[in-house]
Amino acid sequence: QVQLVESGGGLVQAGDSLRLSCAASGLTFRRYAMGWFRQAPGKEREFVAGISWSGGGTSYADSVKGRFTISRDNAKNTVLLQMNSLKPEDTAVYYCAGDSGGSVYARISTRAADFGLWGQGTQVSVSS
């Protein structure tokens, strides 16, 4: 059974840090580019960060650039999102996602439609 399971969300104050983790199982993890998306109440799901299948390339939304860092460990089938200097506008449900086209097309997509695997999400709430 293919699964992506996120953890690490919570309630923090503005300026604090959180680290989200995504554990993958049931798939050849190294073949997937991975991404983090988020969805705030009443808003569309948006791209946050992505990492290539090898970990050699990354991409970030402008809103998180310089504050968030995505990384992966292909030996442990995990992808991390380190979030620093959190702001109230970072409040959302954060989703881990996998793109099987990541290795085939050598891409780091920012489009949710390119990601065929999704976790259940983890809530991040940042108070002012």
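In every chain, residue numbers begin from 1 and rise along the written sequence. Where totals are concerned, whole chains, interfaces and linings use all residues; where local detail is concerned, this predicted model gives features only for residues with pLDDT of at least 70, and gives and counts side-chain atom pairs only at 80 or more. Think of the side-chain values as coming from all heavy atoms in the structure, minus any hydrogens and water.

Q: Kindly report on the overall build of the chain, identifying the contributing residues and their values.
A: Only runs of H or I of at least four residues qualify as helices and only runs of E of at least two qualify as strands under DSSP, and these elements are numbered from the N terminus. Counting its regular elements, the chain contains one helix and eleven strands. When the helices and strands of the chain are read in sequence order from the N terminus, they spell out β-β-β-β-β-β-β-β-β-α-β-β. Counting only C-alpha atoms, the chain reaches 40 × 30 × 25 Å along its principal axes. Burial classes follow relative accessibility: with a 1.4 Å probe on protein chains only, a residue under 20% of its type's maximum area counts as buried, one over 50% as exposed, and anything between as partly exposed. Looking at the chain as a whole, 43% of its 128 residues qualify as buried. Put simply, of all contacts in the chain between residues at least 6 apart along the chain, 60% involve residues at least 24 apart. Of the roughly 6,500 Å² of accessible surface on the chain, a fraction of 45% belongs to carbon and sulfur atoms. For the purpose of counting charges, residues Lys and Arg are taken to be positive, whereas Asp and Glu are taken to be negative. His and the chain ends are not included. Note on charges: their place is set at NZ of Lys, CZ of Arg, CG of Asp or CD of Glu. With 13 positive and 10 negative side-chain charges, the chain shows a spacing of 6 Å between the two charge centroids. Whether two residues touch is decided by their heavy atoms; if any such pair falls within 4.5 Å, the residues are in contact. Per-residue and other accessible areas were derived by the Shrake-Rupley procedure at a 1.4 Å probe size, with only the shown protein chains allowed to occlude residues.

Q: Mind laying out the packing of aromatic side chains, listing which residues take part and the relevant values?
A: When the centres of two rings from Phe, Tyr and Trp lie within 6.5 Å, Trp using its six-membered ring, the rings pair. Their planes under 30 degrees apart give stacked, over 60 give edge-to-face, and anything left gives tilted. Scanning the entire structure with this criterion turns up five aromatic pairs. The interplanar angle of 75 degrees and the centroid separation of 5.7 Å between the aromatic rings of F37 and F47 together place this pair among those described as edge-to-face. Of this pair, F37 sits in strand β4 (residues 33–39) while F47 sits in strand β5 (residues 46–51); the two residues are ten residues apart in sequence, bridging distant segments of the chain. Residue classification places F37 among the buried positions, given a relative accessible area of 1%. With a centroid separation of 6.4 Å and an interplanar angle of 75 degrees, the aromatic rings of Y95 and W118 are classed as edge-to-face.

Q: Now, about the environment of R19: what can you tell me, with residues and values included?
A: Along the chain, the position of R19 falls in strand β3 (residues 18–25). Taking the relative accessible area as the measure of exposure, R19 reaches 53% and is therefore exposed. Separated by 51 residues in sequence, R19 and I70 have C-alpha atoms that sit 9.7 Å apart. Ignoring anything within four residues of it in the chain, the contact list for R19 reads S7, G8, L80, L81 and Q82.

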